Amino acid sequence: MRITRDIGGGHAWTLHEGVLDDGRRVFVKKTGAASAVLESEAAGLRWLAEPGAVAVPEVIAAEGGALVLEWIDTAPATAAAAERFGRELAALHAAGAADFGAPWPGYIAELAMGNEPAPDWPSFYVSRRVLPFVRLARDRGALSDADMELVEEACGRVTEVAGPAEPPSRIHGDLWSGNLLWTADGVVLVDPAAHGGHRETDLAMLALFGAPHLNTILAAYREVAPLADGWRERVPLHQLHPLAVHVCLFGEAYRGSLLTAAGDVLAL
């Protein structure tokens, strides 16, 4: 493989375009120290690909501090592609998972994330997805003790406000708009924090930073897989995790959004 150009970087890695000996273009993510992050990403991509429900890039290699994926040519987002993606996402979620969690170490950005199974979604979400990052943010000085107590209070209501119990869904886990690659053939998902989780988590993440044609995606999804009553009101609940992660990564800029979401959960 030959690197042909550098295309940026972020967190703990650099990004490159390359070409294989057989002429195929590839996307390359390199990290000097944390190869476990890339191995986790590769495991998540392969797992998301198993049902054949959504498009993900082929994992060509994940070793030696480098993740090599097939190159994806992008195109403008369209309503037709959004409708197709909504149906594909519903099929992915329906493929399910063995547990709430995953059988590989989890990461989101460069932050380690517990994937050990839990008996139900509320306990998994609170103990693996929210509280560890809230405590990390407090330790880094981005949240006060009072801030942490507010989020902990909201976590104490998760079981009560989570809606009807559902089996584990096969979710992307970090489904913000930047992880949707729009192509001439539809949407390709990249950079997952994949695990068995709650399907509303992916939908809430799409809404957090505003995916293109979001209403079309949601309408198509709900035609295939109707959501339990109250799902719109539960969006802040499912945004506690990504907002806590953003406070850890980017500091106090996301503090207000996290505390607002916690207050919304307490008001449910």
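About the cut-offs
- Residues numbered from 1 in each chain as written.
- Predicted model: local features only at pLDDT ≥ 70, side-chain atom pairs only at ≥ 80, totals over all residues.
- Heavy atoms only, no water.
- UniProt positions renumbered as here; feature names shortened; annotations may be inferred.
- Axes fitted to C-alpha atoms, helices over the stretch in contact; angles between N-to-C directions.
- Helix = DSSP H or I, 4+ residues; strand = E, 2+ residues; numbered from the N terminus.
- Parallel < 35°, antiparallel > 145°, perpendicular 65-115°, else oblique.
- Left-handed = near helix turned anticlockwise from the far one by under 90°.
- Contact = heavy atoms within 4.5 Å.
- Nonpolar A, V, L, I, M, F, W, Y, C, P; charged D, E, K, R; others polar.
- Expected span 1.5 Å × (residues − 1).
- Buried < 20%, exposed > 50% of the residue type's maximum accessible area, 1.4 Å probe, protein only.
- Salt bridge = Lys/Arg side-chain N within 4 Å of Asp/Glu carboxyl O.

- For the protein, the name recorded in an unreviewed UniProt entry is Fructosamine kinase family protein, with Microbispora maris as its organism.
- For the protein, the Sequence similarities (unreviewed entry) comment in UniProt is given as "Belongs to the fructosamine kinase family."

## Observations concerning the packing of helix α2 (residues 79-94) against helix α7 (residues 214-224)
- Two numbers describe how α2 lies on α7: the axes approach to 7 Å, and their chain directions differ by 40 degrees. By the angle class used here, α2 and α7 are oblique. Classified by chirality, the crossing of α7 by α2 is right-handed. Packed against α2, whose contacting residues are Ala 79, Ala 82, Glu 83, Phe 85, Gly 86, Arg 87, Leu 89, Ala 90 and His 93, the element α7 presents Thr 216, Ile 217, Ala 220, Tyr 221, Glu 223 and Val 224 at the interface.
- Class assignment for the residues of the contact of α2 with α7 results in nine nonpolar, three polar and three charged.

## With respect to helix α8 (residues 235-250)
- The end-to-end C-alpha distance of α8 is 22 Å, a good match for the 22 Å that 16 residues give at a rise of 1.5 Å each.
- Counted residue by residue, α8 has 14 buried out of 16 residues, so it is predominantly covered.
- Trailing α8 by a residue or two, Gly 251 shows a phi angle of about 85 degrees, which is positive.

## Description of the pattern of salt bridges
- Inspection of the entire model under this criterion finds 19 salt bridges.
- Of the charged contacts in the structure, one is a salt bridge between Arg 24 and Glu 58, with a shortest N-O distance of 4.0 Å. Of this pair, Arg 24 sits in the loop between β2 (13-19) and β3 (25-30) while Glu 58 sits in the loop between α1 (35-49) and β4 (59-63), and the two are 34 residues apart along the sequence.
- Arg 24 sits in the partly exposed class, given a relative accessible area of 39%.
- With a relative accessible area of 41%, Glu 58 lands in the partly exposed category.
- One salt bridge in this structure joins Glu 200 and Arg 234, with 2.9 Å as the shortest N-O distance. Residue Glu 200 is located in helix α6 (residues 199-208), and its partner Arg 234 is located in the loop between α7 and α8; the two are separated by 34 residues in the primary sequence.
- Residue classification places Glu 200 among the buried positions, given a relative accessible area of 4%.
- On the basis of relative accessible area, Arg 234 is assigned to the buried category, the value being 6%.

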